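Breakdown of the fold
Listed below, chain by chain, are the residues.
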Amino acid sequence: MSLHFTRSKRFTMGTELELQLTDKKSAHLVDKADIILSDTGHSQQIKHELTKSMIEINSAVHLSIGGLYQELAGLILQLRDAAGRHGCDITGGGRHLDADWREQVISDLQRHQDLAHRYGYITKMACVFGQHIHIGVNDGDEAMYLCHALIPYLPHLVALSASSPWLAGEDTRFSSSRFTGLNAFLNSELPENIYNWDEFNAFYSEMSGAGIIRSVKDIYWYVRPQPALGTVEIRICDMPLTLFHASVLTGYSKMLVRFLLKNQQDIIKKHRAIDKYNIFNARRDGLQARYICVPEGLRLPLDRHILQTVEKLTKFAGQAEDAFVLRYIKRYVERGITDADRIRHMIQHAIDLNTASVKMRRMLLSVPSDYRSL
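Described in the following lines is the structure provided in the data block. None of the values given here were measured: they were computed from a predicted structure.

Cut-offs applied
- Residues numbered from 1 in each chain as written.
- Predicted model: local features only at pLDDT ≥ 70, side-chain atom pairs only at ≥ 80, totals over all residues.
- Heavy atoms only, no water.
- Core = buried A, V, L, I, M, F, W, Y, C linked by side-chain atoms within 4.5 Å.
- Buried < 20%, exposed > 50% of the residue type's maximum accessible area, 1.4 Å probe, protein only.
- Contact = heavy atoms within 4.5 Å.
- Salt bridge = Lys/Arg side-chain N within 4 Å of Asp/Glu carboxyl O.
- Helix = DSSP H or I, 4+ residues; strand = E, 2+ residues; numbered from the N terminus.
- Pairing = 2+ DSSP bridges.
- Axes fitted to C-alpha atoms, helices over the stretch in contact; angles between N-to-C directions.
- Parallel < 35°, antiparallel > 145°, perpendicular 65-115°, else oblique.
- Nonpolar A, V, L, I, M, F, W, Y, C, P; charged D, E, K, R; others polar.

Phe200, Tyr252 and Ile329 are the most contacted members of the largest nonpolar core, which has 104 residues in total. With residues near it in sequence (within four places) discarded, Phe200 still touches Leu3, Met144, Ile194, Ile219, Trp221 and Pro225. Among the nonpolar cores identified, the runner-up in size contains 10 residues, and Leu97, Ile343, Met346 and Ala356 belong to it.

Here it is, written out as C-alpha cells:
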C-alpha cells in the first residue's frame, strides 16, 4: 500500500493542543466533552480526544505566529463560552495535578474505543495533555529527513514545554512526566531506521499488512511524517500553560526545520542510547539537564545548548517575527523558570492542588507584559 504525500508550502505552521476539561468549582477533571462539543457545533477545529475529560483544538495553516496565536485565542474563547454554560473551563498543562486514571472515561469515537479494546488500562493512563506541532514540507523525503535531523533538538522542546511535574497528587521529581502515559503504546518513541519516503512506504505496507497499524495515527513516534497534511509533526511537547508560549514554540520549531533543511547533512545511523539519555534528562531536570552532543561527545548543560542553537538560528532569521521568537526563547532560558517550575512554586508555597489548578486555568490566555506586540 503506497501513501501519497501531499506537497505543502515549506515552513507553514499549525498546531494541535490537548486541553484539560475541569470543573469550575473543584478544578477536577470532568467527563463533559460530549455536551460541550455539541454546544460548539462540532467544529472541525474543536474535537474529541482520547477521554471525555479532554478536548483538542486544531489551528488552521499559518505563516505567522501572531496569526496563529490570535486564532487559538479565538477558539479558546469559543470553547470557554460553551464550557461555562456547563460549569466547566479549560486548562493547560501536561497532566492534571491529582486525577485518578481509573476514573477516566474513553471517548465514544470508534478509533478511541478500538484503542481501549487493544490497550486496556493503558488507554486510561494516557489521559495526558500535549502539543503537536506541524511544519509544512515539500515531500515525504524531507519529512523523513527531519524525523531524524530533529532528534538532537527534541530535548529543547521537552524542557521548553515541560508542565507535568505532578502525578496523582504527588511530585514526580520530573519536569515532564507526561511520557509515562504514552510510551507504552506500540510504535512509540524515536523513529525506526527509515530515511526516505520509499522506505517509509515499505514499512507502512509491512506493518499494515501484518495488522500492527491501521493508519499513520498508529505510529506514535516523537516526530512523524503526516502525509495527508504535507507536514512533519513534532509530538514530544507537554501542553504549555499559556497559548502564547505554545505559539512561540511552534515558531521555534519552524526555525529549526528551516535551518536543518537549508543545511542538510547525511543522517548517520547510530545507536539511540545517547538520544534517549538526552531526552530522559530533559524530562527529569528541564533546562538544567545534562546534554551530550553527538558526535563530539561534549557534555554541557541543556540550557547552554539551547542558547548556542538560538545564536546559530539568528543567522537564518528572515523576518522580524523570527527575531522575536529567538529573543523570547533566549530570555525564557536565561530566566530558567519553566511551567513545571511555576507549578511547583505554587504548590510549595502552601497552595492546595485545586487552587493551583485554578491559577493554571487563569494563565491560559495570559501574555507576558513585554511581549504584547505579537
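By the definition in use, this model includes 20 salt bridges. Notably, a salt bridge pairs Arg80 with Asp89, separated by 2.6 Å at the nearest N-O pair. Just as Arg80 is buried, Asp89 falls in that class too. Across the salt bridge formed by Arg111 and Asp218, the nearest N and O atoms sit 3.0 Å from each other. Residue Arg111 is located in helix α3 (residues 110–119), and its partner Asp218 is located in the loop between α7 (197–209) and β9 (220–221); the two are separated by 107 residues in the primary sequence. Its relative accessible area of 29% is what places Arg111 among the partly exposed residues. Residues joined by salt bridges that share partners form a network here, namely Asp34, Lys52 and Asp108.

Quick look at the pairing of strand β3 (residues 54–58) now. Buried residues dominate β3, accounting for five of its five residues. Burial along β3 is two-sided: Met54, Glu56 and Asn58 facing one way and Ile55 and Ile57 facing the other are all buried. Pairing geometry for strand β1 (residues 13–23) and β3, over five bridges, is antiparallel. Paired with Leu19 across the bridge in β3 is Ile55. Examined bridge by bridge, strand β2 (residues 46–48) and β3 share three bridges and lie antiparallel to one another. When the sheet's bridge partners are listed, Ile46 is paired in β3 with Ile57. As consecutive antiparallel partners, β2 and β3 are separated by five residues.

Put simply, helix α6 (residues 154–161) and helix α9 (residues 273–285) touch, their axes get as near as 8 Å, and they point 10 degrees apart. With respect to each other, α6 and α9 are oriented roughly parallel. From α6, Leu154, Pro155, Val158 and Ala159 reach across to α9, where they touch Asn278, Ile279, Ala282 and Arg283. When its residues are assigned to classes, the contact of α6 with α9 shows six nonpolar, one polar and one charged.

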